[in-house]
Amino acid sequence: MLSYIIRRMLHVVPIVLGAALVFFIIFNVIGGQEKYIYNMLPQKSRTPEQFELIRERYGLDKPLIVQYLEMVKSMLTFDFGRSETRKLPVNLLIKRHVPVSAALTFPAFTLEIFTALGLAALAVSRRGQRLDKLLTLLSVVGMSISMLVLIMLGQQFLAYRLGLFPISGWERGIGAVRYLLLPWLLWVLVTIGYDVRFFRTVLLEEIHKDYVRTAKAKGVRSRDIMFRHVMRNALIPILTYVVIQIPFLLTGTLLLERFFGIPGIGDLMVNAISSYDFPVLKAAVLVFTLFFIAFTLLTDILYALVDPRVRLR
Amino acid sequence: MVADNKTVGASPFQLSMRRLRRDKLGMASFVIVLLFTLTAVIGNFNVFGLHDAANSYNLENRYVKALSSWSHPLGTDNFGRDVLARAVMSTRISLFLGAAAGLFMLPIAILAGALSGYYGRWADSIILYVMSVIVAIPGLLIIMSLVQVLGRTFFIIALAFAITGWVGLARVVRGSFIQSREYEYVLAARCLGAGSFRIIFRHILPNLSHFIIVRFVLNFAAIIKSEVLLAFLGLSVLGVPSWGNMIDESKQELTAGHWQNLIAASLFMFTFLAALNIFGDSLRDALDPKLKNSSRKAGHK
Amino acid sequence: MKQPLLEVKNLQTSFRTEEGLVRAVDGVSFSLRQGEVLGLAGESGCGKSVTAYSISRLLPMPPGQFDGGEILYKGRDILGLKEEEMRRIRGREIAVVFQEPMSALNPVASVSAQIEEALAIHTSLGKAERKERVVHLLARVGIPDPAQRALCYPHELSGGMRQRVMIAMAVSCDPSLLIADEPTTALDVTIQAQILKLIQDMKNETGSAMLLITHDLAVIAETADRAAIMYAGKLVETAAVKNLFAEPAHPYTRGLLNSIPVLGSPGRKLKSIPGRVPNLIDLPGGCAFANRCELAGSRCRNEMPRMVNKDEGHQVRCHLHDGGVK
Ligand SMILES: Nc1ncnc2c1ncn2[C@@H]1O[C@H](COP(=O)(O)OP(=O)(O)OP(=O)(O)O)[C@@H](O)[C@H]1O
Ligand SMILES: [Mg+2]
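Keep in mind the model is a prediction, meaning the values are calculated, not measured.

Caption draft 1: Examining the overall build of chain B more closely. On a plain count of helices and strands, chain B comes out with 11 helices and 0 strands. Here chain B, with 301 residues, has 50% of them falling under the buried criterion. Considering only intrachain contacts with a sequence separation of at least 6, the fraction spanning at least 24 residues in chain B is 70%. Summed over all atoms, the accessible surface of chain B reaches about 14,400 Å², with 66% contributed by carbon and sulfur.

Below, the structure is given as C-alpha cells:
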C-alpha cells in the first residue's frame, strides 16, 4: 500500500513537466519575450535598462530549452523567488492564499454534495412522480443560470438591499465565517443543479440492478435499500465524480473570491496571469497539479475501501 | 406472426427521430434553439439598423426603462445603446463561439481518440500522456493564459475552448475504438481488405455519432456559460456585445438601480441554455433509449 | 380438502412500453398446496418470470401494472396489501431464488452481511446468534468451510457457490413458499443437478411449497408434483407431472416434449417447434399457438379456446378437447 502511494506520487514528475511545458509554450514561445517583459514591467519603468535587467534576472536571454529546464527545476524544488507585482516571496503568498480558498471551498462543497445526494435519493425514490419532476426541472433551471448572474443577484439583494450578509470583505481567523456565508450559499446554488442531476442518473441506474430486487425480495425497507444497498454501490461512480472535482474547486471559486474580495488562490492567479507574474503562475500551476495527483490517488484508495473487487496494484 | 408495420423496416436512426418527435418538451426546446440560431444569423447583418442601434453612443438617451418606448423596447444602457439590439447581437457571438469551439474540438477529439484507441502502442501512450496533463491543469487557467497572450479575438477564444475541452470526448472515442477493434463488423471489414482509415470512418465513427452529437450539444451550453466568466475577467471577445460582456457591464448599473442590461442578457441566455439542456436530454433519450428512466431491464435478464 | 397455500385467479399483468401494452400475463390461474411443487414451463418470454414476480410483487410499477385477478396467499389477497404489509411477507413467508447468481447478490456486501440482513428483519435473533445462524445455513447448503466463506464477497465465489448462498438466503427465515426462477439456467451442467438436488432437499427440510420455473421439462419431471405449461401469457395445460408426460393433451406441450433430447436414444431426432413466439403486444384473435400448430383449424384462428377439464386435475386450453377445431 505504501509502495503503491509512493509509486503514484512519482507520477507528479511527468505531469509537472507537461504542465510546465504548456505554460512555457503559451508565455515564452507564443507570447514571445518582448511582450512578456513589457507586460511584466509597470508602466513607468518600461525603459531599455529595465528590459535588460528583467531579461537577465529571469534568464530570458538564455536558449529556450535552458529556460524551460530552469522552470521545471524551480517547480520541482519549490524555488519560485519573489513575486514581481506583490514584492513578496511566492511561497509566502501561496501559503497565505491557499488556506483562504480552502475555507471558502471545502465547507461549501461538502454541504452541497450531501444536499445534492439527499435530493437525488429523494427524487429517485419518488421517480416519475411530481416531486421527482419538480427536482429535475429545478436542476435544469440551476444549470441554465449563469454563475455570474446568480452572484450579482445574491450580492445585490441579500447583501446590499436586505443587509443579511456583508457586501464583501475579509478578516483573518474565525471572523471570516461572516464573510463566507453568502459565498457558501451561492456556491451551493450554482453547483447543485448539475450534481442532483448526475447523482439522480447514477442512483437510477443502480436501482434497476438485480441485487436491488434481491434485497426487496428479502423484505428490506425501501429506505434501507436506498441507503444500505444502492448508495454503497453508487458510491463508486460518485466518488470519481466528486473527488476529481476538488482540485478544480479552487478555480471554480475564483469568481466568488473576486466578487467578495476574498484573498484566495483564484484571485492571486487571475492577477498573476494578467500581470505576467510568472513566478506566481508557476507556483499556482504546481499547486494545482499536486492537488490533482493527490486527489486522484485519494479516489483510488477510497475505491479500494468501498469496493471489495478493487485491488491496488 | 402479425407484422408490426410501424416498427418493421425502420432504421435505428428513423426510430430515434420518431421518438424525438413524440417528445413534446424536447421538440419545443428544439424550436427555441432554432429560433435562437435564426436570431444569431440575423444578428450577423445590419438589418433594421441593428448594429447601429447596438453600437451608437447617445448619452442624451441613457437608461431608458424597458417596455417604456417603442424605439427601445428593452430600454437603453449606460451609453444610450439599445439593449434589445445588443442582446440580439450578443446571441450571434455566444452561439457562434459555442459552435466554433465545438467544431474545432471535434476533429481534435476524434483524431486523438481514434489514433490512441485504434493503433494503440506508442500513439496511445503519447496521447494518454497529453490527456493526463491537460486534465491535471484547470482549463480556465489555460484559456485565460492563451487569451491573455494572444488577444481577445473570437478565433483565439474558440480555439482556447477547443484545446481545453477535447479530452472528455476523446476518452470516449478511444474507449469505443478499443471495444470495436474486436467487433465482428470491423473484423469482417478487415478481412475484406478495407484500410484502417476506411474502417475508422465507415464502420466505427457512425456507431459513435449519437454520442458525439449529444456531447456537442452539452458542450455548447458549457462554453456559453464560460464565456460569461471570461467576460467578468475582462477576457471575452473585445469590442462586440456578448451576453457575458453585457452582464459584466451591468455590474456598475445595478447599484444605481438600472437592470435593463442584466435582465435582457440573462433572460436571453437562460432561455437558450434551458432549451439547449432540455433538448440535449431529449436527444440522448431518443438516440439511446437504454439510458432513459424506464426500467426495461428490471424483471428481465 | 384444506385451503390451498396459494391461489392465483385469473391474474393479468401488463407493461406499458413505447411500442404499446405488453400483456405479459393474461388470465393465469393455478393453486399450490402446502409442501407441493408446481413446475411452470414455457419458452422464453412467455411470462413465467412476470407470473412469479407478480406473486411477490417485485415488478417495477410503472411500467408494470395489474389489470385484474386475485392472488390469495393463505386466504389473503396479496394484490390488495399495503406495501409495508407486503414487505413483512417477503423473505419471511415468500422467498425467491433468482436466475442470475452473478448479479443478484450485492457486489459490495459480504455473504454473511447479506444473509444476516434477512434474519435481522424477520427474526428477533441477536447479532451473535445471527452470525451463528448464517454459518449454520451455509453449512446446510453445502458450502465447505462456512465460517470462512461467510466473510467472502460474491465475486470471490464460483457461480454454483453463489447460487448456494442465494438459496441459503431464501430459506433463512423458513418461508412457506419458495419461488425459484430458473435457478439452474445460468450454471454449468454438472452444477445444475447438484443445485436442483439442494433446492429439493431444502424444500423437504422446511416443508415449504415451491413454484419452480424452468424451460427445461426434464427438470420438471425430476422435481415437480404438478406442472403448468405457459404460452404467450396464458396457461395452456396443467396436470400432475406423471399425467402430463404420459398423455400430453395440448399440441404445444407435445411439441415441447418432442424437443427434449432423450438419453440413450441417439437415433431419435430432436424436433423443435417451428415458428416463433408471437409478439405479446398484438396477439392474434384466436389461439396464440394456432399459427405454429400442425393441427390448427379455422376455429383456432378465430376463437380463443377455453380451459377445459380433460381428466380429474388435468386441464387443457385447446379446441381439440372442446368440440374440435373446425
Ligand atoms: N420491465 C419490463 N418492461 C416491459 N416489458 C417487460 C418487462 N419485464 C418483462 N417484460 C415483458 O414481459 C414478457 C414476459 O417476460 P418474462 O420475463 O416473464 O418471460 P420469461 O417467460 O420469464 O422468459 P425467460 O425464460 O426468458 O426468463 C416479455 O415479452 C417481456 O418483454
Ligand atoms: Mg424469466
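Caption draft 2: Layout of the overall build of chain C. When helices and strands are counted, chain C shows 12 helices and 12 strands. Computed over C-alpha atoms, the radius of gyration of chain C comes to 21 Å, within 12% of the 20 Å expected from 2.2 N^0.38 for 326 residues, which places it in the range of a compact globule. Reported as C-alpha extents along the three principal axes, the dimensions of chain C are approximately 70 × 50 × 45 Å. Split into buried and exposed, the 326 residues of chain C put 54% on the buried side. Considering only contacts in chain C between residues 6 or more positions apart, those separated by 24 or more positions represent 65%.

Caption draft 3: Quick look at the nonpolar core. By size, the foremost hydrophobic cluster in this structure holds 154 residues, and its most contacted members are F23 and L203 of chain A together with W243, I247 and F272 of chain B. The element that contributes the greatest number of residues to this core is helix 9 (residues 176-207) of chain A, accounting for 15 residues. Of the residues that make up this core, three or more belong to each of domain 1 (2-76) and domain 2 (99-306) of chain A. In contact with L203 of chain A, not counting residues within four places along its chain, are A120, A121, V124, M226, V230, M231 and A234 of chain A. Listed in part, the 99 residues of the second largest apolar core include V28, L137, A228 and C293 of chain C.

Caption draft 4: Examining the packing of aromatic side chains more closely. Tallied over the full model, the rule gives 21 aromatic pairs over all chains. A centroid spacing of 5.8 Å and a plane angle of 75 degrees characterise the contact between F199 of chain A and Y241 of chain A, whose relative ring orientation is edge-to-face. One end of the pair, F199 of chain A, is in helix 9; the other, Y241 of chain A, is in helix 11 (residues 222-252), with 42 residues separating them in the sequence. By relative accessible area, F199 of chain A is classed as buried at 0%. Y241 of chain A gets classed as partly exposed once you look at its relative accessible area, which sits at 21%. By the ring-pair criterion, three or more aromatic residues cluster together here, those being F36, F216, F220, W243, F268 and F272 of chain B. Lying across the ring of Y179 of chain A, R178 of chain A places its NZ or CZ 4.7 Å from the centre.

Caption draft 5: Seen up close, the pairing of strand 1 (residues 6-17) of chain C. Residue and element names in this part refer to chain C. As paired strands, strand 1 and strand 2 (residues 20-32) are joined by 9 bridges and run antiparallel to one another. Within strand 2, the residue paired with Q12 across the bridge is D26. In textbook terms, the turn of a hairpin is the stretch between consecutive antiparallel strands, and for strand 1 and strand 2 this stretch comprises 2 residues. Judged from the 8 bridges that link them, strand 1 and strand 4 (residues 64-73) form a sheet pairing that is antiparallel. Note that in strand 4 the partner of E7 across the bridge is L72.

Caption draft 6: Focus on the sheet that holds strand 1 of chain C. Residues and elements named next belong to chain C. Strand order in the open sheet formed by 4 strands is 2-1-4-5, with antiparallel pairing between adjacent strands. Among the strands making up the open sheet, the edge pair consists of strand 2 and strand 5 (76-77). Alignment of strand 4 against strand 5, held across 2 bridges, turns out to be antiparallel. Residue pairing in the sheet places Y73 in a bridge with R76 of strand 5.

Caption draft 7: View of the packing of helix 5 (residues 121-136) of chain B against helix 7 (residues 154-180) of chain B. Residues and elements named next belong to chain B. It is at 10 Å that the axes of helix 5 and helix 7 come closest, and there the two elements cross at 135 degrees. When the interaxial angle is binned, helix 5 and helix 7 end up oblique. Here the hand of the crossing between helix 5 and helix 7 comes out left-handed. Residue-level contacts link D124, L128, V130, M131, I134 and V135 of helix 5 to I163, T164, W166, V167, A170, R171 and R174 of helix 7. Looking at side-chain class alone, the contact of helix 5 with helix 7 contains 9 nonpolar, 1 polar and 3 charged residues.

Caption draft 8: Inspection of the interface of chain A and chain B at higher detail. Every contact between the two is made by 48 residues of chain A and, on the other side, 44 residues of chain B. Overall, the association of chain A and chain B removes approximately 4,100 Å² of surface from exposure, summing both partners, and the carbon and sulfur fraction of that is 74%. Applying the counting rule to chain A against chain B returns 1 salt bridge. For D281 of chain B, the salt bridge is made with R197 of chain A, and the minimal N-O distance between the two is 2.6 Å. Elements with a contribution of two residues or more to the side of chain A that touches chain B: helix 2 (12-31), helix 7 (130-144), helix 8 (147-161), helix 9, helix 11, helix 12 (254-260), helix 13 (265-274) and helix 14 (278-306) of chain A. Per-element tally for the side of chain A that touches chain B: the top contributor is helix 2 of chain A, with 11 residues. Residues that form the side of chain A that touches chain B fall into these classes: 32 nonpolar, 10 polar and 6 charged.

Caption draft 9: How the structure looks around the confidence of the model for chain C. All names here are of chain C. Looking at chain C, pLDDT values average 85 and 95% of them are 70 or higher. The least confident element of chain C, judged by mean pLDDT, is helix 12 (residues 298-302) at 82; the most confident is helix 1 (residues 48-55) at 92. Of the two predicted TM-score estimates for the complex, the pTM is 0.85 and the ipTM is 0.86.

Caption draft 10: The arrangement of the side chain of N219 of chain B in detail. Residue and element names in this part refer to chain B. Relative to the helices and strands, N219 resides in helix 9 (residues 196-232). According to the relative accessible area criterion, N219 is buried, its value standing at 15%. Excluding anything up to four places from it in sequence, N219 contacts G102 and M105.

Caption draft 11: Broad picture of the environment of N28 of chain A. Residue and element names in this part refer to chain A. Within the secondary structure layout, N28 lies in helix 2. For N28, a relative accessible area of 12% puts it in the buried group. Along the chain, N28 and L60 lie 32 residues apart, while their C-alpha atoms are 8.7 Å from each other. At a separation of 3.1 Å, a polar atom in the side chain of N28 contacts the side chain of Q67.

Caption draft 12: Highlighting helix 10 (residues 243-255) of chain B. Residues and elements named next belong to chain B. The principal kink in helix 10, of about 30 degrees, is found at E249. W243, G244, N245, M246, I247, D248, S250, E253 and L254 are the residues of helix 10 that are buried. The positive-phi residue at the C-terminal boundary of helix 10 is G257, with phi of around 85 degrees.

What counts and how
- Residues numbered from 1 in each chain as written.
- Chains lettered and ligands numbered in written order.
- Predicted model: local features only at pLDDT ≥ 70, side-chain atom pairs only at ≥ 80, totals over all residues.
- Heavy atoms only, no water.
- Helix = DSSP H or I, 4+ residues; strand = E, 2+ residues; numbered from the N terminus.
- Buried < 20%, exposed > 50% of the residue type's maximum accessible area, 1.4 Å probe, protein only.
- Contact = heavy atoms within 4.5 Å.
- Areas by Shrake-Rupley, 256 points an atom, 1.4 Å probe, with all protein chains shown as cover.
- Rg over C-alpha atoms; globule rule 2.2 N^0.38 Å.
- Core = buried A, V, L, I, M, F, W, Y, C linked by side-chain atoms within 4.5 Å.
- Domains from an automatic or database assignment.
- Phe/Tyr/Trp six-rings, centres within 6.5 Å; stacked < 30°, edge-to-face > 60°.
- Lys NZ or Arg CZ within 6 Å of the ring centre and 35° of its normal.
- Pairing = 2+ DSSP bridges.
- Axes fitted to C-alpha atoms, helices over the stretch in contact; angles between N-to-C directions.
- Parallel < 35°, antiparallel > 145°, perpendicular 65-115°, else oblique.
- Left-handed = near helix turned anticlockwise from the far one by under 90°.
- Nonpolar A, V, L, I, M, F, W, Y, C, P; charged D, E, K, R; others polar.
- Buried area = accessible area lost by both parts, 1.4 Å probe.
- Salt bridge = Lys/Arg side-chain N within 4 Å of Asp/Glu carboxyl O.
- pLDDT = per-residue confidence, 0-100.
- Polar contact = N/O pair within 3.5 Å; in protein donor to acceptor, adjacent residues only side chain to side chain.
- Bend = angle between axes of the 7 residues up to and from the residue.

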